[in-house]
Amino acid sequence: MSEHGREHEVAVQLGPRTYTIHVGAGILETLGARMHALGVGKRVAIVTNPSVERLYGERVRASLERSGFSPVTVEIPDGEEHKNLAWVAFIYDRLIEARLERGSVIVALGGGVVGDVAGFVAATYLRGVDFVQVPTTLVAQIDSSIGGKTGVDIAAGKNLIGAFHHPRLVIADTTTLRTLPPRELRAGLAEVIKTGAILSPELIEFLERNSRAVLDLEDAAVRFIVESCAQLKALVVAEDETEGDYRAILNFGHTLGHAVESLTGYKTFLHGEAVAVGMAFAVRLSVRVGLLDQAVADRIVSLLTLYGLPTEVPSDLTASALALAVEADKKRSQGRVKFVCLEDIGRTKFRMLSTQELQEALDAL
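Cut-off values and rules
The numbers attached to residues start from 1 for each chain and follow its sequence in the written order. Local features in this predicted model are restricted to residues of pLDDT 70 or higher, and side-chain atom pairs are both shown and tallied only at a pLDDT of 80 or more, whereas totals for entire chains, interfaces and linings draw on every residue. Water and hydrogen atoms were dropped before computing side-chain values, which therefore reflect all heavy atoms in the structure. Working definition: a ring pair exists when centres of Phe, Tyr or Trp rings (six-membered ring for Trp) sit within 6.5 Å. Plane angles under 30 degrees give stacked, over 60 give edge-to-face, the rest tilted. To sit over a ring, a charge needs its Lys NZ or Arg CZ within 6 Å of the ring centre and within 35 degrees of the ring normal. Cavity: a set of points on a 1 Å grid over the protein atoms alone where a 1.4 Å probe fits but cannot get out. Pocket: an open set with protein on both sides within 12 Å along at least five of seven lines, its lining residues, like those of a cavity, having an atom within 4 Å of a point. Grid points are joined across faces, edges and corners, and a volume is the space filled by probe spheres set on the points. By the convention adopted, Pro, Cys, Tyr, Trp, Phe, Met, Ile, Leu, Val and Ala count as nonpolar, Lys, Arg, Asp and Glu as charged, and the other residues, Gly among them, as polar. Salt bridge, as used here, is a side-chain nitrogen of Lys or Arg placed within 4 Å of a carboxyl oxygen of Asp or Glu. Helix numbers and strand numbers start at the N terminus; a helix is a DSSP run of H or I with at least 4 residues, a strand a run of E with at least 2. We call a residue buried when its accessible area falls under 20% of the maximum for its residue type, exposed when it is over 50%, and partly exposed in between, using a 1.4 Å probe and counting protein chains only. Axis angles are defined between N-to-C directions and span 0 to 180 degrees, where every axis is a line fitted to C-alpha atoms and, for a helix, only to the segment in contact. Angle categories are assigned with fixed cut-offs, so that under 35 degrees is roughly parallel, over 145 is roughly antiparallel, 65 to 115 is roughly perpendicular, and the rest are oblique. Helix crossings fall into two classes, left-handed where the near helix is turned counterclockwise from the far one by less than a right angle and right-handed where it is turned clockwise. Contact definition: two residues touch when any of their heavy atoms are within 4.5 Å. Among buried residues, those of type Ala, Val, Leu, Ile, Met, Phe, Trp, Tyr and Cys that are joined through side-chain atoms within 4.5 Å constitute a nonpolar core.

Counting across every chain of the model gives four aromatic pairs. Of note, Lys42 hangs over the ring of Phe69, and the distance from its end group to the ring centre comes to 4.2 Å. Above the ring of Phe350, the side-chain terminus of Lys338 is found at 4.4 Å from the ring centroid.

Okay, empty space enclosed by the protein next. Here the structure, examined in full by the defined rule, presents three cavities of 30 Å³ or more. Taken as a whole, the largest cavity holds about 40 Å³ of empty space. Lining the largest cavity are Thr174, Thr175, Arg178, Leu217, Asp219, Val222 and Arg223. Of the residues contributing to the lining of the largest cavity, the split by class is two nonpolar, two polar and three charged.

Let's shift gears to the pattern of salt bridges. Scanning the model with the defined rule gives 23 salt bridges in all. With a closest N to O distance of 3.1 Å, Arg168 and Asp130 form a salt bridge. Here the residue Arg168 occupies a position in the loop between strand S8 (157-164) and strand S9 (169-173), and Asp130 occupies one in strand S6 (residues 130-135), the gap between them amounting to 38 residues. What makes Asp130 partly exposed here is its relative accessible area of 26%. The partner of Glu273 in a salt bridge is Arg183, and the shortest N-O contact between them spans 2.7 Å. Highlighted residues: Glu273 in helix H11 (residues 271-288) and Arg183 in helix H6 (residues 182-199), separated in sequence by 90 residues. Overall, Arg183 belongs to the partly exposed group, its relative accessible area being 38%.

The interhelical angle for the contact between helix H10 (residues 254-263) and helix H13 (residues 319-327), taken along N-to-C directions, is 110 degrees, at an axis separation of 9 Å. With respect to H13, the axis of H10 lies roughly perpendicular. The chirality of how H10 crosses H13 is right-handed. Across the interface between the two elements, Thr255, Leu256, Ala259, Val260, Ser262 and Leu263 of H10 pack against Ala321, Leu322, Ala325 and Val326 of H13. Split by residue class, the contact of H10 with H13 holds eight nonpolar, two polar and no charged.

Glancing now at the side chain of Ser200. Structurally, the position occupied by Ser200 is in the loop between H6 and helix H7 (201-209). Note on Ser200: relative accessible area 8%, which makes it buried. Setting aside residues no more than four positions away along its own chain, Ser200 makes contact with Thr195, Leu232, Ile345 and Gly346.

Counting 57 residues, the largest nonpolar core has Leu138, Val192, Ile193, Leu207, Ile225 and Phe252 as the members making the most contacts within it. With nine residues, helix H9 (residues 219-239) is the largest single contributor of residues to this core. Residues within four places of Val192 in sequence aside, it is in contact with Leu138, Ile142, Leu203, Leu207, Ile225 and Cys229.

The subject of this paragraph is the side chain of Thr137. Note that Thr137 resides in the loop between S6 and helix H5 (138-144). Apart from residues no more than four positions distant in its own chain, Thr137 is found in contact with Gly110, Gly111, Gly112, Leu177 and Leu180.

Looking now at the environment of Val121. Counting through the fold element by element, Val121 comes out in helix H4 (residues 112-124). With a relative accessible area of 0%, Val121 lands in the buried category. C-alpha separation for the pair Val121 and Leu38, spaced 83 residues apart in sequence, amounts to 21 Å. For Val121, the contacting residues outside a window of four places in its chain are Val88, Ile91, Tyr92, Leu95 and Ile106.

Coordinates in, geometry out; function isn't part of it.
Written out as structure tokens, the structure is:
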């Protein structure tokens, strides 16, 4: 099956909608057989971007065709700035042209942007069609492909339009990470650090001890982090599917991170880089409000630095502009923003901050 004879399966337990995440090296070619085993429709639209299409499009189509599927490919441009309703409408038009019906399947082949857009299309096209995730970036393999959150950005903020629509299947082939640019890899590692910070002291220790192996994409190291993060994310999703409360811990670093992304027009920072800035702020905020020891905050900031990630808010972004951007974010409630703080590695606590309190914290930190 896999290049090294080893594959890991993680079940996302959602009753009759339970699905499996397959993690392994060289498992891309198993896509068609696994979809066939699910009994899904034979007409398939592969949503991807040009760079991923060049690398993996042919292999994915061949795998589908071997199992009796009839695939059509729809490309959207790469980059967060294309995660919008205009490109959703473009995909709808292509699906209608290709005569995709209620029994058809959408396959998301690519990173988080492709997964979010394709998932939102799957949730809404003909009131919902089946959907399969084939993530090819680290962020997508360990986070965004798992849990059914789909959506697009609008001018007012990130992911403000969306739906919960779970995939039927996730295929995470870790060999696809070898084609990532180094900056994209580091950005993905921000989400790995996030997962460890909120859920797993063991993962943080592994990242501290094995930075060279992780950055060099050694098979065992990559497999460990993808498997660990997938397992942890699956547990959180099973506990709180639609982010009623507990699942919001996954927003650690994202509340300020989204504000940094939107204020810089999604062009200065990759998503993971903005989340790293947000995490560094969140641990400093946790110290400021008396929840976290300074030594633990320093440990998280040092780990972000070890992996080449930014930890400071850009000097040209004012505290007032950031506070307003955070206030526009979907995580506000009754005029206050829910911040995920740390009490220790693996232990979180929510803090509700007013815009004024947030602006004061940003000024101070």
